[in-house]
Amino acid sequence: MIGRLNHVAIAVPDLDAASAQYRTMLGANVGAPQDEPDHGVTVVFIELPNTKIELLFPLGEGSPIQGFLDKNPSGGIHHICYEVEDILSARDHLQSEGARVLGSGEPKIGAHGKPVLFLHPKDFQGTLVELEQV
Ligand code: CO
């Protein structure tokens, strides 16, 4: 059911420093910061030949990324995102198998303008999984 790895998201305590490191030390193609108020994050997209990295930094009060950084002050992998062709049928299948979908269970529009859902990390080996319809 799942397709390509769309991105790996890394929460960072210093967005400028992390962006500069990927640009200069790792030689990656690093985009400009983009605010995503609906998700409480500022995102920097890094294009790799086979996938993307997203650097996440808290935006606004109650950002889910702030809680993550409080527990992981030097940052860390926050979630991974798999592509699916049909997010509603993927959701229905996963729920029928006992997986928990976070939030209302209805897809939101994600950072790439496409519908996304998040799956409970306790149901997936301690990893927060995002599904994105492509
Ligand atoms: Co994501």
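Preceding this section is the structure that the text describes.
Residues numbered from 1 in each chain as written. Predicted model: local features only at pLDDT ≥ 70, side-chain atom pairs only at ≥ 80, totals over all residues. Heavy atoms only, no water.

### Some details on the coordination of the cobalt ion
(1) Moving on: Protein coordination of the cobalt ion is provided by His7 (NE2), His79 (NE2) and Glu130 (OE), with donor distances spanning 2.0 to 2.1 Å.
(2) Moving on: Written as a sequence motif, the donor arrangement for the cobalt ion is H-x71-H-x50-E. Here His79, found in strand E6 (residues 76-84), pairs with Glu130, found in strand E9 (residues 129-133); they are 51 residues apart in sequence, far enough to count as distant. Accessibility assignment for this pair places His79 and Glu130 in one class, buried. (Donors = N, O, S within 2.8 Å, 3.2 Å for Na, K, Ca; no water. Helix = DSSP H or I, 4+ residues; strand = E, 2+ residues; numbered from the N terminus. Buried < 20%, exposed > 50% of the residue type's maximum accessible area, 1.4 Å probe, protein only.)

### Notes on the pattern of salt bridges
(1) Moving on: Under the counting rule described, the total for this entry stands at four salt bridges.
(2) Moving on: Of the charged contacts, one joins Arg91 and Glu106 as a salt bridge, the two residues approaching to 3.2 Å between their closest N and O atoms. Here Arg91, found in helix H3 (residues 87-96), pairs with Glu106, found in the loop between H3 and strand E7 (108-109); they are 15 residues apart in sequence, far enough to count as distant.
(3) Moving on: Taking relative accessible area as the criterion, Arg91 reaches 12% and is therefore assigned buried.
(4) Moving on: Members of the salt-bridge network, linked through shared partners, are Arg91, Asp92 and Glu106. (Salt bridge = Lys/Arg side-chain N within 4 Å of Asp/Glu carboxyl O.)

### Here we look at the nonpolar core
(1) Moving on: Among the nonpolar cores identified, the biggest contains 23 residues, and Ile10, Tyr22, Ile46, Ile53, Leu55 and Leu131 are the most heavily contacted of them.
(2) Moving on: Excluding residues that lie within four positions of it along the chain, Leu55 makes contacts with Ile10, Val12, Leu15, Ala18, Ser19, Tyr22, Thr42, Val43, Val44 and Ile46. (Core = buried A, V, L, I, M, F, W, Y, C linked by side-chain atoms within 4.5 Å. Contact = heavy atoms within 4.5 Å.)

### Some points on helix H2 (residues 64-71)
(1) Moving on: Ile65, Phe68 and Leu69 are the residues of H2 that are buried. Looking straight down H2, one finds that the buried residues subtend no more than 95° of arc, so they occupy a single side. Exposed residues pointing more than 90 degrees away from the buried face of H2 are listed as Asp70 and Lys71.
(2) Moving on: Elements in contact with the buried residues of H2: strand E1 (5-11), strand E4 (41-47), strand E5 (52-58) and E6.
(3) Moving on: Here H2 starts with a cap whose side-chain oxygen sits 3.1 Å from the backbone nitrogen of Ile65, and that cap is Ser63. (Arc of directions from axis to C-beta. Polar contact = N/O pair within 3.5 Å; in protein donor to acceptor, adjacent residues only side chain to side chain.)

### Description of the side chain of His79
(1) Moving on: Accessibility expressed as a relative area gives 4% for His79, which makes it buried.
(2) Moving on: Polar side-chain contacts of His79 include one of 3.4 Å to the side chain of His7.
(3) Moving on: Of the polar contacts made by the side chain of His79, one reaches the side chain of Glu130; its length is 3.0 Å.
(4) Moving on: The residues touching His79, leaving out its near neighbours within four places in the chain, are His7, Val8, Ala9, Leu56, Phe118, Leu128 and Glu130.

### So, H3
(1) Moving on: Every buried residue of H3 is accounted for by Ile87, Ala90, Arg91 and Leu94. With its buried residues spanning 100° around the axis, H3 presents them on a single face.
(2) Moving on: At its buried positions, H3 is contacted by E6, strand E8 (115-119) and E9.
(3) Moving on: Its side-chain oxygen at 3.1 Å from the backbone nitrogen of Leu88, Asp86 defines the N-terminal cap of H3.
(4) Moving on: Immediately beyond the C-terminal end of H3, within one or two residues, lies Gly98, with a positive phi of roughly 95°.

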